[in-house]
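# A structural walkthrough
As a plain string of letters, each chain reads:
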Protein chains: 2
Amino acid sequence: MKILDELQRFEPFRKLGEDSRTLLGQGLVGKQCARADMALHKGQPVSGAYVVLSGRLRVFSLSPNGTEATLYFIDPGETCVLALNCLFNDLLYPAWVQAETASQVALIPGAVYRKLFERETAIQNLTVHTLSTLVFRLMSELELVHTSHHKQRLANFILIQSASDGVLRMTQQQLAQHLGTTREVVARLLRDFVAKGLVSTCRGAIAIRDLFGLRRLVSPGE
Amino acid sequence: MKILDELQRFEPFRKLGEDSRTLLGQGLVGKQCARADMALHKGQPVSGAYVVLSGRLRVFSLSPNGTEATLYFIDPGETCVLALNCLFNDLLYPAWVQAETASQVALIPGAVYRKLFERETAIQNLTVHTLSTLVFRLMSELELVHTSHHKQRLANFILIQSASDGVLRMTQQQLAQHLGTTREVVARLLRDFVAKGLVSTCRGAIAIRDLFGLRRLVSPGE
DNA sequence: CGCGATCTGTAGCAAAAGCTACACGCTTTC
DNA sequence: GAAAGCGTGTAGCTTTTGCTACAGATCGCG
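Calculation notes
- Residues numbered from 1 in each chain as written.
- Chains lettered and ligands numbered in written order.
- Predicted model: local features only at pLDDT ≥ 70, side-chain atom pairs only at ≥ 80, totals over all residues.
- Heavy atoms only, no water.
- Near = heavy atom within 4 Å.
- Polar contact = N/O pair within 3.5 Å; in protein donor to acceptor, adjacent residues only side chain to side chain.
- Helix = DSSP H or I, 4+ residues; strand = E, 2+ residues; numbered from the N terminus.
- Nonpolar A, V, L, I, M, F, W, Y, C, P; charged D, E, K, R; others polar.
- Least-squares fit on C-alpha atoms with pLDDT ≥ 70 in both.
- Contact = heavy atoms within 4.5 Å.
- Pairing = 2+ DSSP bridges.
- Axes fitted to C-alpha atoms, helices over the stretch in contact; angles between N-to-C directions.
- Buried area = accessible area lost by both parts, 1.4 Å probe.
- Salt bridge = Lys/Arg side-chain N within 4 Å of Asp/Glu carboxyl O.

## Overview of the protein's contact with DNA strand D
H150(A), T181(A), Q172(B), R183(B) and T201(B) are the nearest of the 18 residues found near DNA strand D. Near-protein atoms of DNA strand D (within 4 Å) split between backbone and bases, with sugar and phosphate holding 53%. In this structure, E184(A) approaches DNA strand D through a side-chain N or O atom, which is 3.4 Å from a base oxygen. Within the side chain of R188(B), one N or O atom sits 3.5 Å away from a base oxygen of DNA strand D. Every element with two or more residues in the surface near DNA strand D is listed here: α8 (183-195) of chain A together with α8 (183-195) of chain B. The element that contributes the greatest number of residues to the surface near DNA strand D is α8(B), accounting for 5 residues.

## Observations regarding the protein's contact with DNA strand C
Taken together, 18 residues form the shell around DNA strand C, and within it Q172(A), R183(A), R203(A), T181(B) and R203(B) come nearest. Close to the protein, within 4 Å, the atoms of DNA strand C belong to sugar or phosphate groups at a rate of 51%. At a separation of 2.8 Å, a base nitrogen of DNA strand C approaches a polar side-chain atom of R203(B). Among the secondary structure elements, those contributing two or more residues to the surface near DNA strand C are α8 of chain A together with α8 of chain B. When residues in the surface near DNA strand C are grouped by element, the largest group, 5 residues, is from α8(A). When the residues that make up the surface near DNA strand C are grouped by side-chain class, the tally is 2 nonpolar, 8 polar and 8 charged.

## What to know about the relation of the copies chain B and chain A
If you rotate chain B by 180° and push it 0.0 Å along the axis, it lands on chain A with an RMSD of 0.1 Å. The two molecules are tied by a two-fold rotation axis, judged by turn and shift. Mapped onto chain A, 100% of the interface residues of chain B again fall at the interface, so both copies present the same surface.

## What to know about the environment of V135(B)
In this structure, V135(B) sits in helix α5 (residues 121-147). Measuring from C-alpha to C-alpha, the distance between V135(B) and V81(B) comes to 9.8 Å, with 54 residues separating the pair along the chain. Apart from residues no more than four positions distant in its own chain, V135(B) is found in contact with L82(A), N85(A), L131(A), L134(A), V135(A) and L138(A).

## Quick notes on the sheet that holds strand β9 (residues 205-208) of chain A
Residues and elements named next belong to chain A. Spatial ordering of the open sheet is given by β7-β9-β8, a layout of 3 strands whose pairing is antiparallel. Each edge of the sheet is formed by a strand with only one pairing partner; in this case those strands are β7 (167-168) and β8 (199-202). The pairing of β8 with β9 spans 4 bridges and is antiparallel. Counted as the bridge partner of S200 is A207 from β9. Contacts from α8 reach β8 and β9, with the element oriented near 125° to β8.

## Brief notes about the interface of chain B and chain A
When the parts of a complex come together, some accessible area is lost, and that lost area is often taken as the interface size. The interface is formed by 33 residues belonging to chain B together with 34 residues belonging to chain A. Both faces considered, chain B and chain A share a buried interface measuring about 3,100 Å² in area, 73% of it formed by carbon and sulfur atoms. Three residues stand out in chain B for area buried against chain A, namely V135(B), M139(B) and L142(B), and they jointly supply 20% of the buried area on that side. Remark: the boundary between chain B and chain A carries 2 salt bridges. Summed over the shared surface of chain B and chain A, the number is 5 residue pairs in polar contact (both at pLDDT 80 or more). Counting only elements with at least two residues in the side of chain B that touches chain A, the list comes to β3 (48-62), β4 (68-74), α3 (81-89) and α5 of chain B. In terms of residues, the side of chain B that touches chain A owes the most to one element, α5(B), which gives 19 residues. Tallied by class, the residues present in the side of chain B that touches chain A amount to 18 nonpolar, 12 polar and 3 charged.

Function-wise, these values are silent; they only describe arrangement.
Printed below as a string of structure tokens:
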């Protein structure tokens, strides 16, 4: 029951009808993921819809030689749409999912979710909205990947992912994984950035020194 | 009215209720695209849902230096989901769309589509299914892009896009555009393929000579 | 304090990809 | 049948990226 309460902190699950709520309450399963736990493996059949309650999941692909690359993140209140996708089309999960930080996840069994989708406008909207958002993120990522060099992608990543104090707390190894490249490349690029006074680096973190300089790197035209 | 008939060749639009049909009939607009016509520009506000009746649309991104890269194709009976996406979230269109061959497209105005979505289960399913499919395609593409070299991507593209007779009728320039690279790179790779007896080339076309050899290139493990 | 583990900084070499330039052949067009 | 346009084949050079290797810095822990 506690998990149902957690889930109802989020908008779409508050508007459900009484019987839908009961249905949801019966099937719902909670799942705790420690940092770096693998939540879903590639090729695994998907058993339901995943809603992140707290923490953060990372969806990534893995190439034969071992390089990872982040496709996108799932933050609290968001649903793992890839799972949704597989759910509606009976596909195997096409990527890997790992907990970035310790996370709590609610698992709605496939059959239950499908029923909810048929009945509840809120769930239909949630589904469409989640899918749309993912499409948009994937498009942007795909565009970034082939219109820009690692230099630009790195600058962009630092700008987008850094905390509000302008500091990105992440090791170079992790950075490399997100960008789908190697630590050496990241170190090389960061050396340039430091030389130009754009950022400063220390163990486990990167601090932005020249915000606008970085932005110019990302979009040279403006 | 003729366009409505065309549209109803496709499953989801046959199951509509009487009033939905009327609503659809009133707003529907037909659009002819000649080969190489630009159907949608990047940044353009989206005025409705696009359903391809005949021909083929190509969705691609364009980088500052002029290189194109195909994101995915839209074949007859399919809907341009990106447009859907923008429609539901009030976004500007994030890519370019061009007619690969002469195409006929039905344009369902945004307001009409939203109403249909609220009422008709068939349209809800269509929407979710279309979005799901796109997500899947984008994921695959994204995975391909950063797990494989141009050599593998080219081999893959030839395998997937060639006609049933094993011939891909496309210039090297076009190939390069789809892969997001330059003609010279494509020519260089094809030279290797020809040397290994995998394909043969002639003006405007590439013929597969060794199907399994090509497949081994794409997925070396199997 | 010492030790192992982790993270960063650098260097050098090899492979991949991009860019420029040009020769040649086939089509279309005037 | 000459000229222009398009498509292919090739070469050489530069930049970017990937891989291997190693040195030094920092951290946590017993």
